[in-house]
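Understanding the architecture of this molecule
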Amino acid sequence: MITETLTKTKWVADKAHTEISFSVKYLMITWVRGVFRDVDITAYTDGDDFLTSSIEVRINAGSIYTGDEKRDSHLKSPDFLDVENYRQIVFISSTIQKTRDENRFVLNGILSVRYVDAPVKLNVDYDGTVRDPWGVEKAGFRITGEIRRSAWGLTWNTVLESGGVLVGDEVKIDCGLQLVKPDSNIE
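The paragraphs below set out a description of the structure included in this document. For clarity, every value in this text was computed on a predicted model and none was experimentally measured.

Conventions adopted
- Residues numbered from 1 in each chain as written.
- Predicted model: local features only at pLDDT ≥ 70, side-chain atom pairs only at ≥ 80, totals over all residues.
- Heavy atoms only, no water.
- Core = buried A, V, L, I, M, F, W, Y, C linked by side-chain atoms within 4.5 Å.
- Buried < 20%, exposed > 50% of the residue type's maximum accessible area, 1.4 Å probe, protein only.
- Helix = DSSP H or I, 4+ residues; strand = E, 2+ residues; numbered from the N terminus.
- Contact = heavy atoms within 4.5 Å.
- Salt bridge = Lys/Arg side-chain N within 4 Å of Asp/Glu carboxyl O.
- Polar contact = N/O pair within 3.5 Å; in protein donor to acceptor, adjacent residues only side chain to side chain.

Turning our attention to the nonpolar core. Phe 36, Ile 41, Leu 81, Ile 89, Leu 111 and Trp 152 are the most contacted members of the largest nonpolar core, which totals 44 residues. At six residues, strand β11 (residues 167-180) tops the list of elements feeding residues into this core. Leaving out residues up to four positions away in the same chain, Ile 89 has contacts with Phe 36, Val 57, Arg 58, Ile 59, Ala 61, Leu 81, Leu 111, Ser 112 and Val 113.

The next point concerns the pattern of salt bridges. Counted according to the given criterion, the structure contains twelve salt bridges. Measuring nitrogen to oxygen at the nearest pair gives 3.5 Å for the salt bridge that ties Asp 132 to Lys 138. For the pair shown, Asp 132 and Lys 138 are each scored as buried. Measuring nitrogen to oxygen at the nearest pair gives 2.8 Å for the salt bridge that ties Asp 174 to Arg 142. Here Arg 142 lies in strand β10 (residues 137-148) and Asp 174 lies in strand β11, a separation of 32 residues in the sequence. Residues joined by salt bridges that share partners form a network here, namely Asp 48, Arg 131, Glu 137 and Lys 181.

Quick look at the side chain of Asn 108 now. Relative to the assigned elements, Asn 108 resides in strand β8 (residues 104-113). Separated by 3.2 Å, the side chains of Asn 108 and Gln 97 make a polar contact. If we skip the residues at most four places from it in the chain, Asn 108 touches Phe 91, Ser 93, Ser 94, Thr 95, Gln 97, Val 120 and Lys 121.

The backbone of Met 28 shows a phi angle near 65°, a positive value even though the residue is not glycine. Looking at where Met 28 falls in the secondary structure, it is placed in the loop between β2 (19-26) and β3 (30-36). At Arg 114, a position not held by glycine, the phi torsion is positive, near 55°. You can see Arg 114 is positioned in the loop between β8 and β9 (116-131). According to the relative accessible area criterion, Arg 114 is partly exposed, its value standing at 23%.

Structure, rendered in structure tokens:
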């Protein structure tokens with residue numbers, strides 16, 4: 001009996017072309033958008049088949065940026081991410097499932113925030129793989145989804161005089177990822 005062994009292919013984030021962003025409702029009437037500026041992503045595939053991926057995302061929690069220094073400081077405080085005690089947000093994939101659409105997938109995994117683990121389901125659009133002008137092989141993805149921050153114990157809020165709360169529980173995730181084969185330009 002002949003057994004075929006597939007080679008594991010390592011992919012990492014091209015940080016210049018990767019953005020982990022989110023938005024949260026504020027004052028019950030607008031959405032505030034933010035990004036994490038320091039992210040490491042590693043994916044391993046069987047050959048080049050992303051359906052076989054195991055993915056690990058490590059986000060420096062202190063790299064949160066919303067464009068407002070006061071708000072960023074509050075988000076880094078113990079009321080929210082408590083970055084002095086919990087430096088990383090970690091996502092580890094468990095399964096990737098194909099949908100009816102050719103380049104659309106569902107990514108399941110565990111998101112860990114402040115050492116609290118909760119399952120998440122994200123939508124993945126695979127935008128293709130290409131070799132750039134310098135010979136580096138890259139793959140592009142858009143990942144979207146919604147989570148509830150309360151699932152990780154992030155419940156700080158203020159009740160508004162007009163009713164409702166200052167900060168919504170729903171967090172919308174919208175990420176643009178470009179993964180690169182670190183050794184792909186070696187012929």
